[in-house]
Amino acid sequence: MPHVAATVPELLGRLAGSAHLDGDRLVVDDAAAFRGEAVRDLAWTAAFAPDGPVVEAAKWLIHEAARELGAHSASIHDLYVARGRGEVSGFTVPAINLRAQTFDMARTVYETAAAADVGAIILELARSEQTYTYQRPSDYAAAVLAGAIAAGWQGPVFIQGDHYQFNAKKYADDPEAVTEEIRRACRLAIDAGYRNIDIDSSTLVDLSKATHDEQQHENYARAAEVTALIRSLEADGVTVSVGGEIGEVGKKNSTEDELRAYLAGYERSLGERAPGAPGISKVSVQTGTSHGGVPLPDGSVAEVKLDFDVLARLGEVAREHGLAGAVQHGASTLPDELFHRFPAIETAEIHLATGFQNALYEHPAFPQELHRAIEAWCFQNATDERKPDQTDQQFVYTTRKKAIGPFKRELWDLETKDEILAAQRRKIAFLCTELGVNGSREMVDRYVRPVPQHLPLPDALREAPAGAGG
């Protein structure tokens, strides 16, 4: 069982023989040992120690070790721009939302990716997921990088902030306050090491307006404003990959006219705010899916009618504007036989979340006692989200994600997790094959250049004795 350190000296003591401090730098003495127990202890301490110096120290050590061992947080922007120029094609980048078991899931993703020479893969967390999974950006980045270290991964680690979404109801009451929430979220993400952020202002589209430009105006104007902010925060020479969105997932399908209006307005607005600044590199659209799928009365998921023709045409429009293409959300619960169609129509990116959560909860090795505890938690804490016509099974299916945070430690410490992770590994390998990213490592290395990112040494480590941990 990984060890959660209570103090900074105790934490550094766990590194003895594998790494030590040399001034304001971490030196890895034994990479194999560090990738084993040492990084696990760091990950568990960062996730479960009480907030304070020891958590700050653990996160810093993870970031520095990732840099030292070649697993650098990176932006996928340059690869996507190259795709927009027509230099690469024929693949769809999987963006996987890690809600639970983040360290072990990240390790599993990178071990699987390395086995198939995959370079183009994103690990992400939606802003809404931060709250119910108990993962702030700094928590998520630390767990992902620790998992990459444990996997022996050397190469770009694409960490993405998914759905940095404007709340339409709150925006109607106080636009500036809601926009400031998104600005703050972007600052926190970049400070934590994220180099990929998806801005979702599609909630502000007003279809009652007369023209497509008027309908999309708040959407593209706010997306441009936030993009300009992100560009101003880039202090390390890395161009953060920014995504836009025109169709709220689960609502009406997007159209070419809507996308053209959005892109024209966005380019105009960004040019006014930040002349010459790079814009978005991809755009999310709605094609018939919904987040998490639609649960049936027995708790199973309804078949999705996804319009691939719409997705293909919108991707072509996006590439006319130099973007990588269109992004598909809400896809993890689609039938397996559909995934090969995404690269065939040049879909740039596909977001996968609930399917992996379901694979955890519904695996035969998941303890029944924990199942019952999570269901009980849902009935005790999420009844305000229950719709009048929902069965118990539908209600649990739609709300059990909210239990991931309260049961975070139990899920990370699950005794049967190896069997479950083996199933997740098979699914990840299948998706990488179907989405055409096997063998993409050389392509990623061609366009994505590593940039060393040193974080300031925390005071708690500055006070540590020289050579601590060695």
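See the structure shown above.
Calculation rules
Once a new chain begins, its residue numbering starts again from 1 and follows that chain's sequence as written. In keeping with the model being predicted, local features are shown solely for residues with a pLDDT of at least 70 and side-chain atom pairs are shown and tallied solely at 80 or more, while totals for entire chains, interfaces and linings include all residues. The side-chain values count all of the structure's non-hydrogen atoms but skip hydrogen atoms and water molecules. For helices, the fitted line uses only the C-alpha atoms of the stretch in contact; every axis is such a line through C-alpha atoms, and the angle between N-to-C directions lies from 0 to 180 degrees. Working definition: helices are DSSP H or I runs of at least four residues, strands are E runs of at least two. Numbering for both runs from the N terminus. Each angle receives one of four descriptions, namely roughly parallel if under 35 degrees, roughly antiparallel if over 145, roughly perpendicular if within 65 to 115, and oblique otherwise. In a left-handed crossing the near helix is turned counterclockwise from the far helix by less than a right angle, and in a right-handed crossing that turn is clockwise. It only takes one pair of heavy atoms within 4.5 Å for two residues to be counted as in contact. Note that Gly is not counted as nonpolar here; it falls among the polar residues with everything else outside the nonpolar set of Ala, Val, Leu, Ile, Met, Phe, Trp, Tyr, Cys and Pro and the charged set of Asp, Glu, Lys and Arg. The rule for a salt bridge is simple: a side-chain nitrogen of Lys or Arg has to be within 4 Å of a carboxyl oxygen of Asp or Glu. Relative accessibility thresholds used throughout: buried, under 20% of the residue-type maximum; exposed, over 50%; partly exposed, between the two (1.4 Å probe, protein chains only). Each aromatic pair joins two rings of Phe, Tyr and Trp (for Trp, the six-membered one) with centres within 6.5 Å, and gets the label stacked for planes under 30 degrees apart, edge-to-face for over 60, and tilted for any other angle. The rule is short: NZ of Lys or CZ of Arg within 6 Å of the ring centre and within 35 degrees of the ring normal puts a charge over the ring. Any N or O atom pair separated by 3.5 Å or less is treated as a polar contact, with the protein-specific requirement of one donor-capable and one acceptor-capable atom, and with residues adjacent in sequence counted only for side-chain atom pairs. DSSP calls a pair of strands paired once it identifies at least 2 bridges connecting them. Residues belong to a common nonpolar core when they are buried Ala, Val, Leu, Ile, Met, Phe, Trp, Tyr or Cys residues joined through side-chain atoms within 4.5 Å. Multiplying one less than the number of residues by 1.5 Å gives the expected span of a helix.

Colleague: I would appreciate a short explanation of the packing of helix H5 (residues 102-115) against helix H7 (residues 137-150) in the present structure.
Modeller: A pair of packed helices can be characterised by two numbers: the angle between their axes and the separation between those axes. The interhelical angle for the contact between H5 and H7, taken along N-to-C directions, is 45 degrees, at an axis separation of 7 Å. With respect to each other, H5 and H7 are oriented oblique. Viewed along their axes, H5 and H7 form a crossing whose handedness is right-handed. Contact residues: Thr102, Phe103, Ala106, Arg107, Tyr110 and Glu111 in H5; Tyr140, Ala143, Val144, Ala146, Gly147, Ala148 and Ala150 in H7. The class makeup of the residues in the contact of H5 with H7 is nine nonpolar, two polar and two charged.

Colleague: Whenever I open this one, the pattern of salt bridges confuses me. Can you help?
Modeller: Opposite charge on two side chains permits pairing when their charged atoms draw close. Counted by the stated rule, this structure contains 37 salt bridges. Measuring nitrogen to oxygen at the nearest pair gives 3.5 Å for the salt bridge that ties glutamate 111 to arginine 107. Taken together, the residues glutamate 111 and arginine 107, both in helix H5 and four residues apart, mark about one turn of the helix. You can call glutamate 111 partly exposed: its relative accessible area is 24%.

Colleague: Whenever I open this one, the environment of alanine 228 confuses me. Can you help?
Modeller: Here alanine 228 is to be found in helix H10 (residues 212-233). Once the C-alpha coordinates of alanine 228 and alanine 274 are considered, the two residues, 46 residues apart in sequence, prove to be 5.8 Å apart. Alanine 228 has contacts with Leu270, Arg273 and Ala274, leaving out every residue within four places of it along the chain.

Colleague: How should the packing of aromatic side chains be read in this particular structure?
Modeller: Centre distance and the angle of the planes are the two values used to describe a pair of aromatic rings. Enumeration over the complete set of coordinates arrives at 11 aromatic pairs. With a centroid separation of 5.6 Å and 90 degrees between ring planes, the pair formed by tyrosine 361 and phenylalanine 366 is classed as edge-to-face. The pair formed by tyrosine 361 and phenylalanine 366 is uniform in burial state, with each residue classed as buried. Each member of the aromatic cluster is reached from another via a ring pair, and the members are Trp44, Phe48, Phe103 and Trp412. Of note, arginine 409 hangs over the ring of phenylalanine 48, and the distance from its end group to the ring centre comes to 4.8 Å.

Colleague: Please explain the environment of glutamate 176 as it appears in this structure.
Modeller: Tracing the backbone through its elements, the reader meets glutamate 176 in helix H9 (residues 175-192). Polar side-chain contacts of glutamate 176 include one of 2.8 Å to the side chain of arginine 183.

Colleague: Got a minute to help me understand the pairing of strand S9 (residues 282-285) in this structure?
Modeller: On a regular strand, each side chain points to the face opposite its neighbour's, so the side chains alternate between the two faces of the sheet. Going residue by residue along S9, you find Lys282 and Ser284 tucked away on one face and Val283 and Val285 tucked away on the opposite face as well. Pairing between strand S8 (residues 241-245) and S9: three bridges, direction parallel. Along S9, the bridge assignment pairs glycine 243 with lysine 282. Here three bridges tie S9 to strand S10 (residues 326-328), and the two strands are oriented parallel to one another. Paired with valine 285 across the two strands is glutamine 328, which belongs to S10.

Colleague: Any chance you could explain unusual backbone geometry here in plain terms?
Modeller: With the exception of glycine, the majority of residues adopt a negative phi angle, and the majority of peptide bonds are in the trans configuration. Positive phi outside glycine occurs at glutamine 101, with the angle close to 50 degrees. Counting through the fold element by element, glutamine 101 comes out in the loop between strand S4 (93-97) and H5. Of note, glutamate 346 is a non-glycine position whose phi angle comes to about 65 degrees, a positive value. Among the structural elements, glutamate 346 can be located in the loop between helix H13 (341-344) and strand S11 (349-352).

Colleague: What should I look at first to understand the nonpolar core in this one?
Modeller: Proteins that are soluble and globular tend to have nonpolar side chains buried together. Core analysis: the largest hydrophobic core is formed by 133 residues, its most contacted members being Phe34 and Leu61. Those residues in contact with phenylalanine 34, other than ones at most four positions away along the chain, are Leu15, Ser18, Ala19, Val28, Val39, Leu42, Ala65, Leu69 and Ile149. If you look at the next biggest cluster of nonpolar residues, it comprises 18 residues, including Ala100, Ala365, Ala382 and Val396.

Colleague: So what exactly am I meant to see when it comes to H7 here?
Modeller: Three- or four-residue spacings in an α-helix give side chains the same orientation, since the helix completes a turn every 3.6 residues. Between its first and last C-alpha atoms H7 spans 20 Å; for 14 residues at 1.5 Å apiece the expected length is 20 Å, and the two agree. For H7, the buried fraction is high: 13 of the 14 residues fall into the buried class. Once H7 ends, the next one or two residues include glycine 152, with phi positive near 75 degrees.

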